[in-house]
Amino acid sequence: MKILVTGGLGYIGSHTVVELQAAGLEVVIVDNLSNSHIEVLNKIEKISGIRPSFSKLDLADRDSCSNFFKGEKAISGIIHFAAYKAVGESVKEPLKYYHNNLDSLINVLENMKTYHIPNLVFSSSCTVYGQPDKLPVTEQAPRKPALSPYGNTKQMAEDIIRDTVYASAIKSIALRYFNPVGAHYSALIGELPLGVPNNLLPFITQTASGIREQLSVFGSDYNTPDGTAIRDYIHVVDLAKAHVVAVKRMLNDKSKSNYEIFNIGTGNGYSVLEVIKSFEKVSKLKLNYKIVGRREGDIEKVWADTSFANKELGWKAQKTLDEMTLSAWRFQQQLSKNMK
Ligand code: NAD
Ligand code: WQD
């Protein structure tokens, strides 16, 4: 079975490729390297012993996308990661986000129809829930108006997929990820943010390794036990495994409907200070941080109800917060070593 992984050299995509290969699936990667490096292909090969086939192309470009599909036969399923994901940048450059994230999806769907490719796994996000009224949040919770163009592309993409599935033979599973963190235990692949990281874990590890001076903790006056905001952090390897389960569910015709949505988190919420404490414990370092004001657009707390994914997919996140922070730290140490 051949699986096309778009954005397969990126953070979540690369970990998913490794898990797909471990499950015996053949992988074809498409990536335009707009937020990833070609060396990741070597790292994947080093981990799994298999070099996936790779094409560098922009999926948002209609002609390049069709040419690729014309030449690539017998794809059984697609996992579509390719998108831009920087929330702040999307506010400043909304058209860049609408163009890339939506045109690439539409081009992929059009080619799925043309070449009768039946199965699509889509990277959605817990961002579609905004601040939920009830916690833990279930898949039935209403989506809230998006707080950024990036968030809006995820809502719009879900709707585009729902409507396309309704009108065609395509089946899809949208996975709503909570907060992916950590790295592969080999420390060969992990998150490689360009420039100053926006996300908490890369900022922590870069501060600990001296690249950043100090971590700012955004807000200590939230209605949470220690006043800092709560998220459902999930180890990227657990998340990668959820994709293998989802794609196999479709390949084996086990979907209960042609469009399914699953929350992919651990079901546990941790505050920013709890993440810092975990990092300090596993790294045996003292982190330089200070409490500052809230970050605009941040929500107070969110964590997943994962019972639907646990029951229906037979998948459950296994890794602890300490494993997440330790693997992120080992990856950063490896990067720093390679820079010397
Ligand atoms: P990433 O930036 O590391 O990976 C995305 C990959 O897609 C990159 O390698 C990039 O070069 C590629 N790409 C982007 N536009 C492309 C295009 N037009 N054509 C071909 N390749 C293109 O991001 P990630 O963290 O691995 O995220 C993967 C997916 O998961 C994205 O859709 C993202 O929105 C979604 N997601 C991420 C998070 C998160 O916190 N990381 C949370 C929820 C959802
Ligand atoms: C986590 C917590 C921050 C940095 C983002 C996107 C979301 C999804 C996942 C894609 C928050 C706090 C952070 C820092 C801090 N991506 N923090 N100091 O904001 O939950 O979600 O990534 O779909 O759409 O918005 O993740 O890692 O940025 O923040 O105190 O330097 O850490 O305030 O409470 P977030 P994050």
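For every chain, the first residue of the written sequence is number 1, and numbering continues from 1 along that sequence. Lettering of chains starts at A and numbering of ligands starts at 1, both following the order in which they are written. With the structure being a predicted model, the display of local features is reserved for residues of pLDDT at least 70 and the display and counting of side-chain atom pairs for 80 or more, all residues being used for whole-chain, interface and lining totals. Side-chain measures here rest on the full set of heavy atoms in the structure, leaving out hydrogens and waters.

### Focus on the site of ligand 2
Where we set the bar: Whether a residue is near a molecule or strand depends on its heavy atoms: if one lies within 4 Å, it is near. As used in this structure description, the phrase polar contact means that two N or O atoms lie within 3.5 Å; if the pair is within protein, one of them must be able to donate a hydrogen and the other to accept it, and residues adjacent in sequence are counted only when both atoms belong to side chains. Shrake-Rupley sampling with a 1.4 Å probe provides the accessible areas, and residues are treated as covered by the protein chains on show and by no other component. In DSSP terms, a helix is any run of H or I states spanning at least four residues, a strand is any run of E spanning at least two, and both are numbered starting from the N terminus.
Residues in contact with ligand 2 amount to 19 residues; listed here are only the nearest, Ser125, Tyr150, Ser216, Arg231 and Asp298. Backbone polar atom of Leu200 to an oxygen atom of ligand 2: 2.8 Å apart, as the coordinates give it. Summarising the interface, the protein chains cover 87% of the accessible area of ligand 2, which totals 690 Å² for the free molecule. Mapped onto the shell around ligand 2, the elements with two or more residues apiece are helix H7 (200-208) and strand S8 (215-218).

### Digging into the site of ligand 1
Cut-off, in case you're wondering: Under the scheme applied here, ten amino acids are nonpolar (Ala, Val, Leu, Ile, Met, Phe, Trp, Tyr, Cys and Pro), four are charged (Asp, Glu, Lys and Arg), and all others, including Gly, are polar.
Around ligand 1 lies a shell of 27 residues, among which Asp31, Asn35, Ser36, Asn100 and Tyr150 are the nearest. The contact in question runs from an oxygen atom of ligand 1 to an N or O atom on the backbone of Tyr11, over 2.8 Å. At 2.6 Å, a side-chain N or O of Tyr150 approaches an oxygen atom of ligand 1. Against a free-state accessible area of 820 Å², the protein chains account for coverage of 95% of ligand 1. Of all the secondary structure elements, the ones that give two or more residues to the shell around ligand 1 are helix H1 (11-22), strand S5 (119-125) and helix H6 (149-166). A total of 3 residues in the shell around ligand 1 trace back to one element, the largest contributor, which is S5. Partitioning the shell around ligand 1 into residue classes produces 13 nonpolar, 10 polar and 4 charged.

### Quick notes on the sheet that holds strand S1 (residues 2-6)
Heads up, the rule is: When DSSP finds at least two bridges between two strands, those strands are taken to pair. Axis definition: a line fitted to C-alpha atoms, over the contacting stretch in the case of helices. Angles run 0 to 180 degrees between N-to-C directions.
Across the sheet, which stays open at both edges, the 7 strands sit in the order S3-S2-S1-S4-S5-S6-S11 with parallel pairing between neighbours. With partners counted over all chains shown, the strands left at the sheet margins are strand S3 (53-56) and strand S11 (259-264), one partner each. Averaged over all adjacent pairs, the angle separating strand axes in this sheet is 20°, with direction ignored.

### Topic: the domain arrangement of the protein
One frequent convention defines the size of an interface as the accessible area lost when the parts assemble. The condition is simple: Delimitation of the domains relies on an automatic or database domain assignment. Contacts are assigned to residue pairs that have any heavy atoms within 4.5 Å of one another. By buried area we mean the combined loss of accessible area, with a 1.4 Å probe, across both parts when two parts are placed together. Between Lys or Arg on one side and Asp or Glu on the other, a salt bridge is scored when a side-chain nitrogen of the former is within 4 Å of a carboxyl oxygen of the latter.
On domain assignment, one finds that the protein holds domain 1 (2-181 + 235-264) and domain 2 (200-231 + 267-304 + 319-339). Computed from C-alpha atoms alone, the centre-to-centre distance between domain 1 and domain 2 is 26 Å. The partner domain 2 presents 13 residues to the 14 residues of domain 1 that form the contact. Of the roughly 1,200 Å² buried at the junction of domain 1 and domain 2 (both faces included), carbon and sulfur atoms supply 71%. It is Leu135, Val181 and His235 that lose the most area in domain 1 upon contact with domain 2, and together they represent 40% of the buried surface on that side. Counting across the interface, domain 1 meets domain 2 through 0 salt bridges. Linking domain 1 with domain 2 are 5 residue pairs in polar contact (both at pLDDT 80 or more). Secondary structure elements with two or more residues in the side of domain 1 that touches domain 2: strand S7 (179-181) and helix H8 (236-251). For the side of domain 1 that touches domain 2, a count of residues per class yields 8 nonpolar, 5 polar and 1 charged.

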